[in-house]
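# Structure at a glance
Chain by chain, the residues:
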Amino acid sequence: MTVLVVTNQKGGVGKTTTAISLGAALVQRGQHVLLVDLDPQANATSGLGVSKELPNAIYGVLLKNLPLREAVATTAMDGLDLVPSGPDMSAAEVELVPLMAREYRLREALRHTNGYDTVILDCPPSLGLLTVNALAAGDAVLIPVQCEYYALEGLAQLLKTIEAVRGRLNDRLEVLAIVLTMEDRRNRLSVQVIEEVHRHFPKLVARARIPRTVRLAEAPSHGLPIALYDPSSPAARAYDDLAGELAARLKSRAPIALGGAIA
Ligand code: ADP
Ligand code: MG
């Protein structure tokens, strides 16, 4: 079982879209995937057509010792399961503070989880305790970066946080890839940003880039991953390419150690 952390403390960069779409692409490649929604905004939950009000959800797992398997919901896609989030998660960040081993709540919950090839953790847009819980539980980190001005802003701080978690909490943790999202080939700025990210992180950037397309923005309102909503779309193909590329990286054990990644 591989635990993939999708994180970037910036909001709106494509974390949730990537977590859902990549999860679905891995399922179509024959995997059994569990997506864990750690964001109080619960976009992955609603985007997969699951209620944000389920009594058994990630809050219970992290704060009330609810066994994770009791919080698992099914989705419209066979093989893609979800641990939903909900509004009570907005207090979780604070309520975790006084708990014992507060950074390891999720890792502990995942220890008794089996039957999945990949677990994907969709993080909130912050570097607080919820994200630290994800990083402490993860094997590999995926960083979505939007092809926009200021794309690199905050990345140094994110990489520093990952490095700190690796040093203190989880020495297995590796950065697997940066995924460029919302690419607009007609936009010169988009092209410049792609070049700049490649220049800074030559080995880390995934070959597969995700195009900006309204189909990806529409899919969540139907509660479907892009692989079901519009299977032949360029976006579905891009996420399938990404799934293949990441699977190959993981298999060849070629995730890049952070020290070598920062150019
Ligand atoms: P995050 O989880 O980082 O906050 P989201 O995945 O929720 O980001 O994406 C932010 C918004 O942009 C959402 O409305 C989403 O539907 C939209 N979006 C994400 N990726 C794309 C894309 N490649 N093309 C068009 N819209 C996108
Ligand atoms: Mg999100």
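An account of the accompanying structure is given in this report. This one's a predicted model, so the numbers in the text were calculated from it and none came from an experiment.

## What about the overall build of the protein?
The secondary structure content of the protein amounts to twelve helices and seven strands. Radius of gyration (C-alpha) of the protein: 17 Å, near the 18 Å computed for a compact globule of 263 residues. Projecting the C-alpha coordinates of the protein onto the three principal axes gives extents of approximately 50 × 40 × 30 Å. Within the protein, the proportion of its 263 residues that are buried is 54%. Intrachain contacts of the protein at a sequence separation of at least 6 include 79% that bridge at least 24 residues.

## Observations concerning the packing of aromatic side chains
If you walk through the whole model with that rule in mind, you get one aromatic pair. Summarising the aromatic geometry, the rings of Tyr149 and Tyr150 are spaced 4.7 Å apart at their centres and angled 50 degrees between planes, so their arrangement reads as tilted. Each member of the pair, Tyr149 as well as Tyr150, carries the same accessibility label: exposed.

## Concerning the sheet that holds strand β6 (residues 140-146)
In spatial order, the strands read β3-β4-β2-β5-β1-β6-β7; together these seven strands make up an open sheet with mixed pairing. The open sheet has two edge strands with one neighbour each: β3 (73-74) and β7 (174-181). Where β3 lies against strand β4 (residues 80-83), two bridges are found, and the strand directions are antiparallel. Paired with Ala73 across the bridge in β4 is Leu82. Helix α7 (residues 155-168) rests against β6 and β7 of the sheet, and its axis sits at about 170 degrees to β6.

## Focus on the packing of helix α1 (residues 15-28) against helix α11 (residues 234-251)
At a closest axis distance of 8 Å, the pairing of α1 and α11 adopts a crossing angle of 75 degrees. On the basis of the axis angle, α1 is roughly perpendicular to α11. Counted together, Thr17, Thr18, Ser21, Leu22, Ala25 and Leu26 of α1 and Tyr239, Asp240, Leu242, Ala243 and Leu246 of α11 form the full contact between these two elements. Here the contact of α1 with α11 is built from residues that sort into seven nonpolar, three polar and one charged.

## Side note on the pairing of β7
Most of β7 is tucked away, with seven of its eight residues classed as buried. The sheet contact formed by β6 and β7 spans seven bridges and is parallel. Directly across from Pro144, in β7, lies its bridge partner Val179. On the question of chirality, the crossover connecting β6 to the parallel β7 by way of α7 is right-handed.

Parameters at a glance
Residues numbered from 1 in each chain as written. Chains lettered and ligands numbered in written order. Predicted model: local features only at pLDDT ≥ 70, side-chain atom pairs only at ≥ 80, totals over all residues. Heavy atoms only, no water. Helix = DSSP H or I, 4+ residues; strand = E, 2+ residues; numbered from the N terminus. Rg over C-alpha atoms; globule rule 2.2 N^0.38 Å. Buried < 20%, exposed > 50% of the residue type's maximum accessible area, 1.4 Å probe, protein only. Contact = heavy atoms within 4.5 Å. Phe/Tyr/Trp six-rings, centres within 6.5 Å; stacked < 30°, edge-to-face > 60°. Pairing = 2+ DSSP bridges. Axes fitted to C-alpha atoms, helices over the stretch in contact; angles between N-to-C directions. Parallel < 35°, antiparallel > 145°, perpendicular 65-115°, else oblique. Nonpolar A, V, L, I, M, F, W, Y, C, P; charged D, E, K, R; others polar. Right-handed = clockwise from strand over helix to strand, strands pointing away.

That is the geometry; function is a separate question.
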